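Architecture and fold: a report
The lines below spell out each chain.
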Amino acid sequence: MQLIHLILKNLFRHKLRTILTVLGIAIAILAFGMIRTVIAMWYSGIEASSPNRLIARNAISLIFPLPIAYRNAIVAVPGVSVVSYAQWFGGIYIDEKHSQFPQIAVDAATWFDVAPENRISESEKAAFLRERNAAVVGVQLARRFGWKIGDVVRMRSMIFSGDWDFVIRGIYTGAQKSTDETFFFFQWRYLDEQIRRLEPWRAGNVGWYVVKIADPNRSASISEAIDRRFKNSLAETRTETEQSFVQGFISMSDAILVALRIISFVIIGVILAVLSNTMAMTARERLSEYAVLKTLGFGARHLVLLIAGESLLIALIGGAAGILLIGPIVDGFGVVMTLTVGAMFPIVGVSPVTRAVSLLMALGVGLAAAIFPAWRAATLRIVEGLRRVG
Amino acid sequence: MIAIPLAYSLRNLWARRLTTVLTAAGIAMVIFVFAAVLMLAYGLEKTLVATGADDNAIVIRRGSQSEMMSLIDRAAANIIRSQPEIATDPRGKPLAASEAVVLIGRPKRGTGQEAHVQTRGIAPESFAMRPQVKLVAGRLFRPGLSEVIVGAAAERRFEGMGLGRTIRFAMRDWTVVGLFEAEGSGFESEIWLDSEQLLQAFRRPVFSSVTVRLSDPSGFDALKQRLEGDPRFNLEVKREKAFYADQSAMMTGFIRVLGLFVTVIFSIGAMIGAMITMYAAVANRTTEIGTLRALGFPRGSILLAFLVESLFLSLIGGGAGLVLASLLQNMTVSTTNFATFSELAFRFALSPAIALESIAFALVVGFLGGFLPAVRAARQNILQSLRAA
């Protein structure tokens, strides 16, 4: 079609301007995609949560523990198949910067039963059960510190006193892409033993219970049953699905997430400004040409298509370039975060949804930027257009 | 002395208004984000640092990142109170406050989602140690009763914490008998009650920290050495300001790194926007440039003229962005402080340094964006440009 030919030719009339505009849009789409990916990282815990797992924690707040004695009572609740438990360790490995990975003490016998997404061989599981101070670590964590099976890891804790020595007896891999492979698991029995020696009044407690249920549809009633069991006791429980538990954490940072979303829209505003500017300049310069085209018989419709087509094409090329670059930049961001802040964000890569949304945004901007120039060209009186010089 | 056709440059900005506005808008948004990020980090720092006093020191368990994790038993607390460097009140009692800090989960206003409020069991000396804390409504709780006072920021952020309301935790109903303000420091996001009541309610025998007033700030080192060296306990002594500043380090680090990444990417976009505008300006004013050259203006003047135009454009954008960012100061942000795991309310804070940095950044963007086009303008051949008419 002639119009497409014209559009392409027009694109290359001002090569420098076109290249710069494409570059500007690429960079803005890059930033937009990066922010969306960071927001998605926050929600990655929800993807990893299982519908047939409940988390029971102290009703006052997560920092208060629950007695180990509760375990037998929870197992007795109808609908519950397996009960496991965990306690946050808050360990310091070498120094605080290196320590930004989660360490938790778990019930070795049941943990991999309630959390089957942490895949581990039977022999490693047996070794974990056998040794008091055995530890199982995620493959990403092991890679980061170069740990192998048999390595001794020494840590201190921010929450408990004393020095702690662990022996790595297993390395687990994640079953899905969203599974966190940076955990450090060790035996709750070892933790309790040490606490009993140094701070006896704190012994016999766990941080939270992980309850596997047979029927996910009954999660609400089973949660209520568990909470009713411990109502009016010293340690009342709050039981909820794992997804709800994770959601609670996410909502604690909702101010940050809102800010990030606002910034991503500001970015779209920036691209809009840049592209609108280019299209407005281009249109103004070509007013006499549009007048000539109208004289030749091209209607307003053709002019609108011409302008919109050029705008969309620039936006498309820029958007595509930006989307290609998101992956490497997000990885770089993750590396910088780990080095400076030691942050615990699991980098799970750029999702196809993010890429699709970014592309759509680019196209949307392409259309929006063309509106004013297209309107001007369409309503142009031929005489006015030919009157302009230069 | 190079004559620069300044008026020419500036009037051109006015003549091509739409382009000027669009480009300046792009730059304004970049500077807005840049300034907002810096203001956020600074506001957080200010809030936490204001939480400490210069002549106070805080004693916690070694390795504790926050008071919530620290445990100090009564025996240790009493020994800390008896240290010679600690100031005494007119009656001769040491100005040392043994406090216990816990987190309780309460629903937030609006969303109803749970977040953690830092709840502090205070000693009678706590108010003397923290002169910035003032009751603004109601009265102080009476020791021995289930009464609490709530910080103004916590009352705003969470449901059901107004004067006269009851909060239920640890199997007791606690009445809110007063509200307090603390000059925007971290204490405003807390709930305060009698420490003995807190310890009893949670059945714990230990405090979290002991905050002491030094009679002479230089006594800090001796106190630190003695207490940290004591083999009976596992203590750490920090200046109160430093302790709270450390708590902000993780959050401010995160905000700054994220902000830096975003701003760098943004600013490249803005530079490109400025470049496009200036290249177009140069291309359209070929005859004018030729005329100026023919009149006698040297190449240097042309270069500077276009550079000035670009700088002025970015100055307008930067100024607009800064003004918009300064409006943020009316907004309070409340989010979970990663270090203490509790809600903290703070504001955006603008400092002269941030304002200067923002304008400087805008000028850099304008300079880098306008340099190459200005060079192109200066290198034009007089005859060819006049012929282009």
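Residues numbered from 1 in each chain as written. Chains lettered and ligands numbered in written order. Predicted model: local features only at pLDDT ≥ 70, side-chain atom pairs only at ≥ 80, totals over all residues.

Side note on the overall build of chain B
- Helix and strand counts for chain B stand at twelve helices and 14 strands.
- By the compact-globule yardstick of 21 Å for 389 residues, chain B is too spread out, its C-alpha radius of gyration being 30 Å.
- With the C-alpha coordinates of chain B rotated into their principal frame, the extents come out at 95 × 45 × 30 Å.
- The burial tally for chain B puts 50% of its 389 residues in the buried class.
- Here the analysis covers contacts within chain B between residues at least 6 apart in sequence; of these, 82% occur between residues at least 24 apart. (Helix = DSSP H or I, 4+ residues; strand = E, 2+ residues; numbered from the N terminus. Rg over C-alpha atoms; globule rule 2.2 N^0.38 Å. Buried ≥ 20, exposed ≤ 12 C-beta atoms within 10 Å, placed from the backbone. Contact = placed C-beta atoms within 7 Å.)

A look at the environment of Thr179(A)
All names here are of chain A.
- In this structure, Thr-179 sits in the loop between β9 (163-174) and β10 (184-187).
- Classification of Thr-179 as buried rests on a count of 20 C-beta atoms within 10 Å.
- Between the C-alpha atom of Thr-179 and that of Val-139, which follows or precedes it by 40 residues, the distance is 11 Å.
- The residues touching Thr-179, leaving out its near neighbours within four places in the chain, are Ala-48, Glu-117 and Gly-174.

Re unusual backbone geometry
All names here are of chain B.
- A positive phi is found at Met-171, a non-glycine position, where the angle reads about 60°.
- Topologically, Met-171 is positioned in the loop between β7 (166-169) and β8 (172-181).
- Positive phi is not limited to glycine here, since Glu-183 has a value of about 50°.
- Within the element layout of this structure, Glu-183 appears in the loop between β8 and β9 (190-194).

Brief notes about the pairing of strand β6 (residues 147-151) of chain B
Residue and element names in this part refer to chain B.
- Counting buried positions over the five residues of β6 gives four, a clear majority of the element.
- The pairing of β6 with β8 spans five bridges and is parallel. The residue of β8 that forms the bridge with Ile-149 is Gly-178.
- Looking at chain direction, β6 and β9 are connected through three bridges and run antiparallel. Counted as the bridge partner of Ile-149 is Trp-192 from β9. (Pairing = 2+ DSSP bridges.)

A short note on the domain arrangement of chain A
- Along its sequence, chain A is organised into domain 1 (2-44 + 253-387) and domain 2 (60-235).
- Once you take the C-alpha centre of each, domain 1 of chain A and domain 2 of chain A turn out to be 48 Å apart. (Domains from an automatic or database assignment.)

Details of the interface of chain A and chain B
- Contacts between the two partners involve 46 residues from chain A and, on the opposite side, 49 residues from chain B.
- Going through the elements one at a time, α2 (15-42), α10 (242-252), α11 (254-285) and α13 (300-340) of chain A are the ones with two or more residues in the side of chain A that touches chain B.
- No other element matches α11(A), which puts 14 residues into the side of chain A that touches chain B.

Here's the deal with the pairing of β10(A)
- For strand β5 (residues 103-106) of chain A and β10(A), the ladder comprises four bridges, and the chain directions are parallel. When the sheet's bridge partners are listed, Ala105(A) is paired in β10(A) with Phe186(A).

Notes on the confidence of the model for chain B
- Here chain B shows a mean pLDDT of 88. Residues at 70 or above account for 98%.
- Here the prediction assigns the complex a pTM of 0.80, and the interface score ipTM is 0.75. (pLDDT = per-residue confidence, 0-100.)

Concerning the packing of helix α2 (residues 17-50) of chain B against helix α8 (residues 240-284) of chain B
Residue and element names in this part refer to chain B.
- Axis separation between α2 and α8 bottoms out at 8 Å; the angle between their running directions is 175°. Here α2 lies roughly antiparallel to α8, going by the angle between them.
- Split by residue class, the contact of α2 with α8 holds 18 nonpolar, eleven polar and three charged. (Axes fitted to C-alpha atoms, helices over the stretch in contact; angles between N-to-C directions. Parallel < 35°, antiparallel > 145°, perpendicular 65-115°, else oblique. Nonpolar A, V, L, I, M, F, W, Y, C, P; charged D, E, K, R; others polar.)

Concerning the environment of Ser358(A)
Residues and elements named next belong to chain A.
- Along the chain, Ser-358 falls in helix α14 (residues 352-378).
- Residue Ser-358 is classed as buried on the basis of its C-beta count, with 27 C-beta atoms lying within 10 Å.
- For the pair Ser-358 and Ile-268, spaced 90 residues apart in sequence, the C-alpha to C-alpha distance is 9.8 Å.
- Apart from residues lying up to four places away in sequence, Ser-358 is in contact with Ile-29, Phe-32, Gly-33, Gly-319, Gly-322 and Ile-323.

Focus: the environment of Gln329(B)
All names here are of chain B.
- Turning to its location among the elements, Gln-329 is positioned in the loop between α10 (299-327) and β13 (332-337).
- By the C-beta count within 10 Å, which is 13 here, Gln-329 ends up partly exposed.
- Considering only alpha carbons, one finds Gln-329 and Thr-119, 210 residues apart in sequence, at a separation of 27 Å.
- Not counting residues up to four positions away in its chain, the partners in contact with Gln-329 are Arg-347, Phe-348, Ala-349 and Leu-350.

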